[in-house]
Amino acid sequence: MKQLMLVGATGLVGSHVLQQALADPTIERVVAPTRKPLVPQPKLLNPLVDFERLPHDADWWQVDAVICTLGTTIRVAGSQAAFYKVDHDHPLEVAYLARRHGARAFALNSALGADARSRVFYSRTKGETERDLQAVGYPSLTLVRPGLIAGHRAEPRPLERLAVQVSRVVQPLLPRRYRVVPAERIAHHLLQAALAATPGVHVLPSEALI
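Computed from a predicted model, the values in this text were never measured in an experiment.

What counts and what doesn't
Residues numbered from 1 in each chain as written. Predicted model: local features only at pLDDT ≥ 70, side-chain atom pairs only at ≥ 80, totals over all residues. Heavy atoms only, no water. Pairing = 2+ DSSP bridges. Helix = DSSP H or I, 4+ residues; strand = E, 2+ residues; numbered from the N terminus. Contact = heavy atoms within 4.5 Å. Axes fitted to C-alpha atoms, helices over the stretch in contact; angles between N-to-C directions. Parallel < 35°, antiparallel > 145°, perpendicular 65-115°, else oblique. Left-handed = near helix turned anticlockwise from the far one by under 90°. Nonpolar A, V, L, I, M, F, W, Y, C, P; charged D, E, K, R; others polar. Expected span 1.5 Å × (residues − 1). Buried < 20%, exposed > 50% of the residue type's maximum accessible area, 1.4 Å probe, protein only. Core = buried A, V, L, I, M, F, W, Y, C linked by side-chain atoms within 4.5 Å.

Visitor: Provide a residue-level description of the sheet that holds strand β1 (residues 3-7), including the pertinent values.
Guide: Here seven strands make up an open sheet; going across it, the order is β3-β2-β1-β4-β5-β6-β9 and the pairing parallel. Of all the strands in the sheet, just β3 (44-45) and β9 (200-205) have a single pairing partner and so form its edges. Direction of pairing for β1 relative to strand β2 (residues 29-31): parallel, over a ladder of three bridges. Its bridge partner being in β2, Met5 is matched across the sheet by Val31. With respect to the sheet, helix α6 (residues 183-196) is in contact with β1, β4 (65-68), β5 (105-109), β6 (140-145) and β9, its orientation differing from that of β5 by roughly 165°.

Here it is in structure tokens:
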């Protein structure tokens, strides 16, 4: 692995991926396109972009693998349509552009219950993103499906925080797939999947992340 792209570097899971990737001696450069600048780091290339108008021919698309942790909530996005852009359209465009420039592995932070046939909008969006990524043609595609994620978010998610607190209390009684997963563990699995680039489509359920 020489060049790794990370989209979603400012989020909870993405920030852990960035930290781990920059510390990995097998990675020469981390390309992290963001809307706002990141703190400068050795090995970090941080193009400032508008995800509504990504530059299609920038040379920094030439990477070996991509990790995508883009995601929002309907409350933050403001509507289902805006949510769909962030959680489906932007990851798909990134995937197409990086693949067109030679990327061979893609790892997505998806969600427990992702199902393109679901009646639940959130789960259906995640499932459609997974489905459509498989059509892009990556030799290696990993879909990571965590449940509740533990960690400090820059943006407040009070309902998620309450759910995490309750789940921690009853965690010994919960099936493994419904237990809280630390953000750094999800980041670890995403990074390892990108580095390994094992051929085929791989799904990592929440219980495999703990």
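Visitor: Describe the packing of helix α3 (residues 80-100) against helix α4 (residues 121-134), naming the residues involved and giving the relevant values.
Guide: One can describe the packing of α3 onto α4 by two numbers: an axis separation of 10 Å at closest approach and a directional angle of 15°. Judged by the inter-axis angle, α3 sits roughly parallel to α4. For the crossing formed where α3 meets α4, the hand is right-handed. Every residue of α4 that contacts α3 at Gln80, Phe83, Tyr84, Asp87, His88, Pro91, Leu92 and Ala95 is listed here: Phe121, Tyr122, Thr125, Lys126, Glu128, Thr129, Asp132 and Leu133. Among the residues forming the contact of α3 with α4, the class breakdown is eight nonpolar, four polar and four charged.

Visitor: Give me helix α1 (residues 12-23): which residues, what numbers.
Guide: Here α1 contains 12 residues, and its C-alpha end-to-end distance of 17 Å stays within 8% of the 16 Å for a straight helix at 1.5 Å per residue. Here α1 has its buried residues at Leu12, Val13, Gly14, His16, Val17, Leu18, Ala21 and Leu22.

Visitor: Hey, could you go over the pairing of β4 for me, with residue numbers and the actual values?
Guide: The side-chain alternation of β4 yields two buried faces, one formed by Ala65 and Ile67 and the other by Val66 and Cys68. Sheet topology places β4 next to β5; four bridges connect them, and they run parallel. From the neighbouring strand, Ile67 faces β5, where its bridge partner is Ala107.

Visitor: Could you give me a rundown of the side chain of Ser118, with the residues and numbers involved?
Guide: Structurally, the position occupied by Ser118 is in the loop between β5 and α4. For Ser118, a relative accessible area of 16% translates into the label buried. The residues touching Ser118, leaving out its near neighbours within four places in the chain, are Ser123 and Arg124.

Visitor: Can you explain the nonpolar core? Please cite residues and give values.
Guide: The biggest cluster of nonpolar side chains holds 29 residues, and the ones touching the most others in it are Leu4, Val13, Leu18, Val30, Ile67, Ile186 and Leu190. Of all the secondary structure elements, the ones that give two or more residues to this core are β1, α1, β4, β5 and α6. Among the elements that take part in this core, α6 stands out by supplying seven residues, more than any other. Beyond its immediate sequence surroundings of up to four residues, Val30 is in contact with Leu4, Leu6, Leu18, Ala21, Leu22, Lys43, Leu44 and Leu45. Counting residues in each nonpolar core, the second largest holds 26 residues, with Met5, Leu54, Ala95 and Leu133 among its members.

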